[in-house]
Number of protein chains: 2
Amino acid sequence: MAEVAARAGVSTMTVSRALKRDGAVSEETRRRILAAVEELGYVLDLSAGALSSKRTGFVAVLVPSINNSNFADTARGITEVIDDQGLQVLLGATDYDIEKEEHLVQTMLTRRPDGIIVTDGRHTPRARRMLQAAGIPVVEIWDLPAEPIDHVVGFSNAEASRALVHRLYQKGYRKIGFIGGASRRDSRGADRRLGYLRAIEELGLPVGRTIAFGDPPISVEQGGQAIVHLIEQWPDMDAAVCVSDLSAFGAIMECHRRGWAVPGRIGIAGFGDFEVSRWAWPRITTVAVNCRTIGLEAGRILLGALDDVQRKRTPMPATLIVPFEVIEREST
Amino acid sequence: MAEVAARAGVSTMTVSRALKRDGAVSEETRRRILAAVEELGYVLDLSAGALSSKRTGFVAVLVPSINNSNFADTARGITEVIDDQGLQVLLGATDYDIEKEEHLVQTMLTRRPDGIIVTDGRHTPRARRMLQAAGIPVVEIWDLPAEPIDHVVGFSNAEASRALVHRLYQKGYRKIGFIGGASRRDSRGADRRLGYLRAIEELGLPVGRTIAFGDPPISVEQGGQAIVHLIEQWPDMDAAVCVSDLSAFGAIMECHRRGWAVPGRIGIAGFGDFEVSRWAWPRITTVAVNCRTIGLEAGRILLGALDDVQRKRTPMPATLIVPFEVIEREST
DNA sequence: CTGTTAGCGCGTTCAT
DNA sequence: ATGAACGCGCTAACAG
């Protein structure tokens, strides 16, 4: 920067200003500086800038998996909003593991992000403590934690799942099973199961028709295996609710393979409105949540909080509930 | 750090050492320091460390899209390798746009990454210049650039596609069409089309049977539309090669919907071995590349180069060609 | 609109 | 095995 400054005949401070958005620099000076930058191939060093300005421009984002189009969409939404402000996302995947989340939180904090977005409201006590002590805005997404750390953008997975079962009931289904992951690692999956159970009970339908399969994310293959178990165990089953569209898709493909008509023999519904559900044959009934919107809103709330911090106002924790929608398609 | 040092009765330098892997600190001192760290809830500030050590511990990774399981797998592979060494991935998505790539390269370099991994061998001249001038190891992946910048981990998309067409020919297919994106933005897609054309010519099959659809990534929906065009335009068509599994999947589902048997009426093949292809009905013939391996190897090569740099050896540019495999499944 | 001074929180380097 | 002095490259704060 000193070289650029020398070449442009100004001080480094003026170069610094010219290279920022808000820099109050005369047009002529800026032109000379940018020319010098170009000639020297100079690239600003933000890590040094971060040290002196005490703002790194990083936003840490923790999702269960980037290899899941729902979370990838959310991450994109966050990135879109954040990019505009010249901030940079630090993405981490927890693999649905709160221990791993704790470790990632620690690693991320080491980079001094200006804010952090975490998926889920479940954390280890230590992770929770670190998040609270970090002194930066925190946004928990994709869930409605009972005790939010700070801001929240999410919805009730249980309510959504319950609404889906009610809709199936209205369509005439009476023997409704559930296919989901075995462990309690995936709290959203667990919530969906809860909503299913609540609905079954409310409606007085036969209970206990649940297949639990391996560690989340339970995927296409396990959906296929589960539907076979379900039908073999309870041959009168007329519908199956799956913890996600991926397992619903696997279940439907397995039904084709065995000559079980969907929805003729059995109706199948998923969760998440993945792209596959819109184009599968039959198209899959599901619960749609606007994943990108979750990301956009989380990003906006974070930016607002950051702005508050900069103006030395105390940010007010916000909770934003995004809508979900049961989408009926051909599979039920 | 000064507070930790005071509490542990040592200098900050000793704290710094205790917090690194290689730190030469006595067991007793380290124990006291870690205790102080825990009591004070101290978190190391790597951005400050980066400034003085001149190593940020960042590795920039540019992929066309994170919402594509192939690239997500590669990103995971890179992260796995890189994490072990305490490095942190800075992920960016170019949206298959080399202008956007140029902008991202600039943004990333601003963070002073220790190395950078870019997808594809096509770059704007300015991006190329910036990558070369950055003075850090560069790895180009997923392609075999004619003029590599530095290291390469990839394969020939054209060869892979060509092999697929030859395999279809062996199975008896003679009227083979191609479904892909319209623009030249996706260089891997363009390469696959090239390989298809080469094979068609070598085998003396009827040419011109190509449907080009919108901007990449062409996806499930466009696959469905394209197969209809293809069959209506050339009713004697007996097979279609799709630029990716997603479009192949869309094509197959559309065929189901219209009562065109796959592979009875028409054989359909994809590219990429996405999970959907393994579980769709019928399972989809495709070209498999080990995406995670591309990531792992790219990460390893980068780490090797970083090690060379640290030991002040000049790293030798390496080119690693990963294997591909034509996988025949039920759809052909 | 521009410059000066000081310092961000560490790690390097050298000394002990 | 440990410590002291210094500086990494930039920006905040203030002055002009």
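Preceding this section is the structure that the text describes.
Fair warning: this is a prediction, and the values are worked out from it, not measured in the lab. (Residues numbered from 1 in each chain as written. Chains lettered and ligands numbered in written order. Predicted model: local features only at pLDDT ≥ 70, side-chain atom pairs only at ≥ 80, totals over all residues. Heavy atoms only, no water.)

## Brief notes about the protein's contact with DNA strand D
Using the following cut-off: By convention in this text, a residue qualifies as near a molecule or strand provided that one of its non-hydrogen atoms is within 4 Å of it. Polar contact is the term for a pair of N or O atoms within 3.5 Å; when the atoms are in protein, one must be able to donate a hydrogen and the other to accept it, and sequence-neighboring residues count only if both atoms are side-chain atoms. Secondary structure elements are defined from DSSP: runs of H or I of at least 4 residues count as helices, runs of E of at least 2 residues count as strands, and each element is numbered from the N terminus. The residue classification treats Ala, Val, Leu, Ile, Met, Phe, Trp, Tyr, Cys and Pro as nonpolar and Asp, Glu, Lys and Arg as charged. All others, Gly included, are polar.
What surrounds DNA strand D is a group of 24 residues, the closest being Ser16, Tyr42 and Ser52 of chain A together with Thr14 and Thr29 of chain B. Looking at DNA strand D alone, sugar and phosphate atoms form 65% of those within 4 Å of the protein. One of the backbone N or O atoms of Met1 of chain A is found 3.3 Å from a phosphate oxygen in DNA strand D. One of the side-chain N or O atoms of Lys20 of chain A is found 2.9 Å from a phosphate oxygen in DNA strand D. Looking at the surface near DNA strand D, the elements that each hand over two or more residues are α2 (12-18) and α4 (46-53) of chain A together with α2 (12-18) and α4 (46-53) of chain B. Taken together, the residues of the surface near DNA strand D break down into ten nonpolar, nine polar and five charged.

## Points about helix α9 (residues 187-203) of chain B
Residues and elements named next belong to chain B. As a reminder of what qualifies: Residue count minus one, scaled by 1.5 Å, sets the expected span of a helix. Any residue under 20% of the maximum accessible area for its type is buried, any over 50% is exposed, and the rest in between are partly exposed; the area is computed with a 1.4 Å probe on protein chains only. In what follows, a contact means two residues having at least one pair of non-hydrogen atoms within 4.5 Å.
Here α9 is 17 residues long and its end C-alpha atoms lie 24 Å apart, about the 24 Å a rise of 1.5 Å per residue gives. Restricting attention to buried positions, one finds in α9 the residues Ser187, Arg188, Gly189, Arg192, Arg193, Gly195, Tyr196, Ala199, Ile200 and Leu203. On its buried face, α9 sits against α5 (69-84), β3 (115-119), α8 (157-170), β6 (176-181) and β7 (210-213). Gly204 lies just past α9 and shows a positive phi near 65°.

## What about the sheet that holds strand β8 (residues 239-242) of chain B?
Residues and elements named next belong to chain B. Worth spelling out the cut-off: In short, DSSP must find at least two bridges between two strands for them to pair. Interaxial angle, 0 to 180 degrees, is taken between N-to-C directions of lines fitted to C-alpha atoms, where a helix line uses only the stretch in contact.
Here four strands make up an open sheet; going across it, the order is β7-β6-β8-β9 and the pairing parallel. This sheet does not close on itself; its edge strands, each paired only once, are β7 and β9 (267-269). Each strand of the sheet is rotated relative to its neighbour by a mean of 15°, with strand direction disregarded. Strands in contact with α9 are β6 and β7; relative to β6, the strand with the most contacts, it is inclined by about 165°. On top of the sheet, helix α11 (residues 245-258) reaches β8 and β9; it is set at about 155° to β9, its chief contact.

## A closer look at the protein's contact with DNA strand C
Neighbouring residues of DNA strand C: 24 residues in total, closest Thr14, Arg17 and Thr29 of chain A together with Ser16 and Ser52 of chain B. Protein-proximal atoms of DNA strand C, defined as those within 4 Å of the protein, fall in sugar or phosphate at a share of 64%. Arg17 of chain A places a polar side-chain atom, nitrogen or oxygen, 2.5 Å from a base oxygen of DNA strand C. Lys20 of chain B has a polar side-chain atom sitting 2.9 Å from a phosphate oxygen of DNA strand C. Of all the secondary structure elements, the ones that give two or more residues to the surface near DNA strand C are α2 and α4 of chain A together with α2 and α4 of chain B. With five residues, the top contributor of residues to the surface near DNA strand C is α4 of chain B. When grouped by side-chain class, the residues that make up the surface near DNA strand C number ten nonpolar, nine polar and five charged.

## Let's talk about the pairing of β3 of chain B
On any regular strand, side chains alternate: one points to one face of the sheet, the next to the other face. All names here are of chain B. Stated precisely, the cut-off is as follows: Seen with the strands pointing away from the viewer, any crossover whose path from the first strand over the helix to the second strand runs clockwise is right-handed.
Most of β3 is tucked away: five of the five residues are buried. Here β3 shows a buried face lined by Gly115, Ile117 and Thr119 and a second buried face lined by Ile116 and Val118. Across four bridges, strand β1 (residues 58-63) lies against β3 in parallel orientation. Across the sheet, Ala60 pairs through a bridge with Ile116, a residue of β3. Bridge count for β3 against strand β4 (residues 138-141) is four bridges, and the pairing is parallel. Note that in β4 the partner of Thr119 across the bridge is Ile141. Where the polypeptide runs from β3 across helix α7 (residues 125-133) and back to β4, its parallel neighbour, the crossover connection is right-handed.

## Overview of the packing of helix α10 (residues 220-233) of chain B against α11 of chain B
A packed helix pair is summarised by two numbers, namely the angle formed by the two axes and the spacing between the axes. Residue and element names in this part refer to chain B. What counts here: Note that the term roughly parallel is reserved for angles under 35 degrees, roughly antiparallel for angles over 145, roughly perpendicular for angles of 65 to 115, and oblique for everything else. Rotating anticlockwise by less than a right angle from the far helix to the near helix defines a left-handed crossing, while the corresponding clockwise rotation defines a right-handed one.
Between α10 and α11, the least distance of the axes is 6 Å, while the angle of their chain directions is 60°. By the criterion of interaxial angle, the relationship of α10 to α11 is oblique. Here the hand of the crossing between α10 and α11 comes out right-handed. For the pair formed by α10 and α11, the contact residues are Val220, Gly223, Gly224, Ile227, Val228 and Glu232 on the first element and Leu246, Ser247, Phe249, Gly250, Ala251, Glu254, Cys255 and Arg258 on the second. Among the residues making up the contact of α10 with α11, the classes are represented as seven nonpolar, four polar and three charged.

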